[in-house]
Amino acid sequence: MLVYILLLGFICFDFWLEHYLTKKGTLSKETKFTKFLNFVFKYRVLTIFALVFISTFRAVGVGGDTHNYYEFYKELRVTSEDFSGFDIGYASLNYLLSAILNLDFRCLYFIISLFVTVCFVVFVKKLSCNHLMSMFLYVTLGIFTQGLSALRQIIAIGFILISLIFIIDKKIWKSILFIAIATLFHSSAILCLIIIPLRYIKLNHWVLLGATIIVCSAAFLMPYVLKLVESIIPSFDYYTRYYIEHPEFFQKTSLFNILYTLAMIAIYTVLYLARFKWFKNELEEDKSFTFFLTLFTLIPLVRVAGLIVGLEALLNRINMYFFYLLIILIPRFLQCLKKYNHSGWLYGLAYAGAFAYMVFNLVLHDACAVVPYIFWF
């Protein structure tokens, strides 16, 4: 747990140092060293270094699924033609590094972590109104630690982030292209094609009601839908097998899942009221906030659907593609509160609440099996 606290401290130090040197006037000087410093802060080199370092030099036991990926990487050197069970993009990357280049498994760690971290930093720099808070939430909300376990899906999410940037810039075909690339690393990324029509849907009460009915109905039809998709995309048999070989995915819900779902509903309700009631005029022109709120609508809906049919564990895979939007939505919401007195306290509570969630999620709930963290040099 200590390593994640130190990581947060290092990220905060990166932003504090930039603020301090800017206030002192150091960064405004025309010297080679100043240009170097400006480059470091502009592209958040220190933050990227810290995130990539911790991702690259972790032991195989850090991350619930990491051991399986490690075994696959090793087996490719012996049976390099066996790509079964993994998407072609991820398998090809492993084949290149393991069978052809004969590189250490940590090289795979490094490439994945560098790509994903850069994607998140670019995403935050382009769309967030508070870069520090967004990167803080990236760690404390568990997005970073999920990437330590779900290697394939976090690569896909990296491509989805770039896809979202393109669709906000109205570059639809580029957005579709990056979603297609994402599916090469995790087939479930094809579900992100829904962001294309949602870009043009105007969120309101009736749309929310219709979406609720559709998602809850789809939950009951899930086995049949997966079978249909499997007939079109054979690699989807990986998910269909959950209904056959993994009965634990059909389970009675737990108190944690209920509370988590209620928390997602509460967060969504606050953001929805902020957009359409409390700060309607201020947020009406913020197209990215409205679009991301529309996408985030899927989170509470999918959670409720999972509760209904007892499939939270499986449907959580869908949540991963849109949960990270909170690192943009929460800072923007808090920015709207700045005009009120004592808004600083609300920022403090947001940071403290996010940190408390990280402690609970990693230590008490043992999410992603990333605690204890062990270095591997």
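Every chain's residues receive numbers from 1 upward, in the order its sequence appears when written. It should be noted that, the model being predicted, local features are given only for residues of pLDDT at least 70 and side-chain atom pairs only at 80 or more, the latter also being counted only at that level, while totals for whole chains, interfaces and linings use all residues. Excluded from the side-chain calculation are hydrogens and water; included are all heavy atoms of the structure.

1. Looking at the nonpolar core
Here comes step 1: The criterion is simple. A nonpolar core is a set of buried Ala, Val, Leu, Ile, Met, Phe, Trp, Tyr and Cys residues joined through side-chain atoms within 4.5 Å. Exposure is judged per residue with a 1.4 Å probe applied to protein chains only, and the accessible area is read against the type maximum: over 50% gives exposed, under 20% gives buried, and values in between give partly exposed. Ranked by size, the top nonpolar core spans 107 residues in total, and within it Tyr4, Phe120, Phe123, Leu164, Phe292 and Tyr324 carry the most contacts.
Here comes step 2: Tallying contributions element by element places helix 9 (residues 151–168) first for this core, with 14 residues.
Here comes step 3: Once you skip the residues sitting within four places of it in the chain, Leu164 turns out to touch Phe123, Ile195, Phe291, Phe292, Leu295, Tyr324 and Leu325. Secondary structure counts use DSSP, requiring at least four H or I residues in a row for a helix and at least two E residues in a row for a strand, with both numbered from the N terminus. The contact criterion used is simple: two residues touch if any of their non-hydrogen atoms lie within 4.5 Å.

2. Here's the deal with the side chain of Arg275
Here comes step 1: Secondary-structure assignment places Arg275 in helix 15 (residues 255–278).
Here comes step 2: Only four residue types enter the tally: Lys and Arg on the positive side, Asp and Glu on the negative side; His and the chain ends are excluded. The rule for a salt bridge is simple: a side-chain nitrogen of Lys or Arg has to be within 4 Å of a carboxyl oxygen of Asp or Glu. No salt bridge is formed by the buried Arg275, whose closest oppositely charged neighbour, Glu284, lies at an N-O distance of 5.1 Å.

3. So, a nonpolar patch on the surface
Here comes step 1: The residues that make up patches have over 30% relative accessible area and no salt bridge, and they are joined within 9 Å when like-charged or within 5 Å when they are Val, Leu, Ile, Met, Phe, Trp or Tyr. Per-residue and other accessible areas were derived by the Shrake-Rupley procedure at a 1.4 Å probe size, with only the shown protein chains allowed to occlude residues. Together, Leu2, Ile5, Leu6, Phe355, Val359 and Val363 make up an exposed nonpolar region whose accessible area comes to about 500 Å².
Here comes step 2: When residues of the nonpolar patch are traced back to their parent elements, those giving at least two are helix 1 (2–24) and helix 21 (343–364).
Here comes step 3: With respect to the helices and strands, Val359 occurs in helix 21.

4. Describing the packing of helix 9 against helix 17 (residues 287–296)
Here comes step 1: At a closest axis distance of 11 Å, the pairing of helix 9 and helix 17 adopts a crossing angle of 130 degrees. Taken as axis vectors, helix 9 and helix 17 run oblique relative to one another. Relative to helix 17, helix 9 is oriented so that their crossing is right-handed. On helix 17, the residues that touch Leu164, Ile167 and Ile168 of helix 9 are Ser288, Phe291, Phe292 and Leu295.
Here comes step 2: Residue composition of the contact of helix 9 with helix 17, by class: six nonpolar, one polar and no charged. Axis definition: a line fit to C-alpha positions, over the contact stretch in the case of helices; interaxial angles, taken between N-to-C directions, run 0 to 180 degrees. Geometric relationships in this document are graded by angle, where less than 35 degrees denotes roughly parallel, more than 145 denotes roughly antiparallel, 65 to 115 denotes roughly perpendicular, and other angles denote oblique. When the near helix sits turned anticlockwise from the far one by under a right angle, the crossing is termed left-handed; a clockwise turn instead gives a right-handed crossing. Here the term charged refers only to Asp, Glu, Lys and Arg, the term nonpolar to Ala, Val, Leu, Ile, Met, Phe, Trp, Tyr, Cys and Pro, and the term polar to all other amino acids, Gly among them.

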